[in-house]
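Listed here are the chains, written in short residue letters.
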Amino acid sequence: MSAVSDRLPTFPWDKLEPYKKTAAAHPDGIVDLSVGTPVDPVPELIQKALIDAADSPGYPTVWGTPALRDAITGWLERRLGAREVTHRHVLPIVGSKELVAWLPTQLGLGPGDKVAYPRLAYPTYEVGARLARAEYEVYDDPTELDPEGLKLLWLNSPSNPTGKVLSKAELTRIVAWAREHGVLLFSDECYLELGWEADPVSVLHPDVNGGSYDGIVAVHSLSKRSNLAGYRAAFLAGDPAVLGPLLEIRKHGGMMTSAPTQAAVVAALGDDAHVQEQRERYAARREALRGALVKHGFRIEHSEASLYLWATRDESCWDTVAHLAELGILVAPGDFYGEAGATYVRVAFTATDERVRAAVERL
């Protein structure tokens, strides 16, 4: 076991524990803006679908029910502008984090193969490469990478942690480059429905991919848009030549979404009203926190989408974390996401309205 765990970096969130204790000692309690976990209720129509499917004694399938695949393909066409999407173009997954962590292994990557991801990025991209014993590297512009040995290219737009959005022109250029060099492209689009000052576009849009899904796969999650982080509900969409073998591997591994969760996802993807309601909650929290941080002396960079504000006072991120902890506010240090984040903090606006108001007053 140690041979596997030794490949992994120190779990970053453990480093926050002393600051969490400081913040928790505030007389009015902690305002935890460190992890972007949903706090608002699961919409009733989704809860009802889950409950109605509670009597599910048999094993679910890894590929999901036909109703689930219909819901996914319908959403891809309605919301993302994808065209001619069939069941062969989709694959349910057990939350997006397990996919990110195990994808290089499931693709058969190993020593000598390279995985690339943004310079500032979700730490699990690196973890996935390490688990497979593959090499990994970061980029500012992926088209400047050496394609030799590069087997998996991760995009993340909107970005976690920065909220940066890649334009349609940038996505088109990157997709063309990846295809030219035979590099498999996975686009993590889990925050796509949370654009504020930009309208994020998917690699599945025909303007980006030229009407072909060859060599591209998008990753989508219901954790943020529908408050379903506790359900572990996500899916892949894109090249059937990639998803077909992944389906077979995941069948052998028993990586199946529970039957009640599958029914809940059908309900969630079929309703846009609850997504808009949740967006409005987040928009109000974002505006309040952004204004308070700026008045407190912070500069906000990027942050045009996602559930985070990428903030800096041009000092060590840990000094900023300590300063805010004294105010009872816990945030994530930017170096969790790469060395380039050493002077930034990531501030989530997923706390309740009451806690957000408390943070604003303290700032």
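Residues numbered from 1 in each chain as written. Predicted model: local features only at pLDDT ≥ 70, side-chain atom pairs only at ≥ 80, totals over all residues. Heavy atoms only, no water.

*Asks:* Help me understand the side chain of Ser226, please; the structure alone is not making it clear to me.
*Replies:* Checked against the element boundaries, Ser226 lands in the loop between strand E7 (216-221) and strand E8 (234-238). Exposure remark for Ser226: the relative accessible area of 1% places this residue in the buried category. Within the structure, Ser226 has its side chain in polar contact with the side chain of Arg225 (distance 2.8 Å). Here Ser226 is in contact with Pro43, Ile46, Ala268 and His274, once residues within four sequence places are set aside. (Helix = DSSP H or I, 4+ residues; strand = E, 2+ residues; numbered from the N terminus. Buried < 20%, exposed > 50% of the residue type's maximum accessible area, 1.4 Å probe, protein only. Polar contact = N/O pair within 3.5 Å; in protein donor to acceptor, adjacent residues only side chain to side chain. Contact = heavy atoms within 4.5 Å.)

*Asks:* What am I meant to see in the packing of aromatic side chains here?
*Replies:* Centre distance and the angle of the planes are the two values used to describe a pair of aromatic rings. In the structure shown here, the tally under the stated rule is 15 aromatic pairs. Residues Tyr122 and Tyr125 carry aromatic rings whose centres are separated by 5.7 Å and whose planes lie at 80° to one another, so their mutual orientation is edge-to-face. Residues Tyr125 and Trp154 carry aromatic rings whose centres are separated by 5.0 Å and whose planes lie at 35° to one another, so their mutual orientation is tilted. Taken as a pair, Tyr125 in helix H6 (residues 124-131) and Trp154 in strand E5 (residues 150-156) lie far apart in primary sequence, 29 residues in all. Judged by its relative accessible area of 0%, Tyr125 is buried. The exposure class assigned to Trp154 is buried, which follows from its relative accessible area of 1%. Grouping aromatic residues by their ring pairs yields a cluster made of Trp13, Tyr19, Trp310, Trp318, Phe336, Tyr337 and Tyr344. Over the ring of Trp63 we find Arg69, and its NZ or CZ is 3.8 Å from the ring centre. The ring of Tyr308 has Arg346 lying over it, and the distance from NZ or CZ to the ring centre is 3.8 Å. (Phe/Tyr/Trp six-rings, centres within 6.5 Å; stacked < 30°, edge-to-face > 60°. Lys NZ or Arg CZ within 6 Å of the ring centre and 35° of its normal.)

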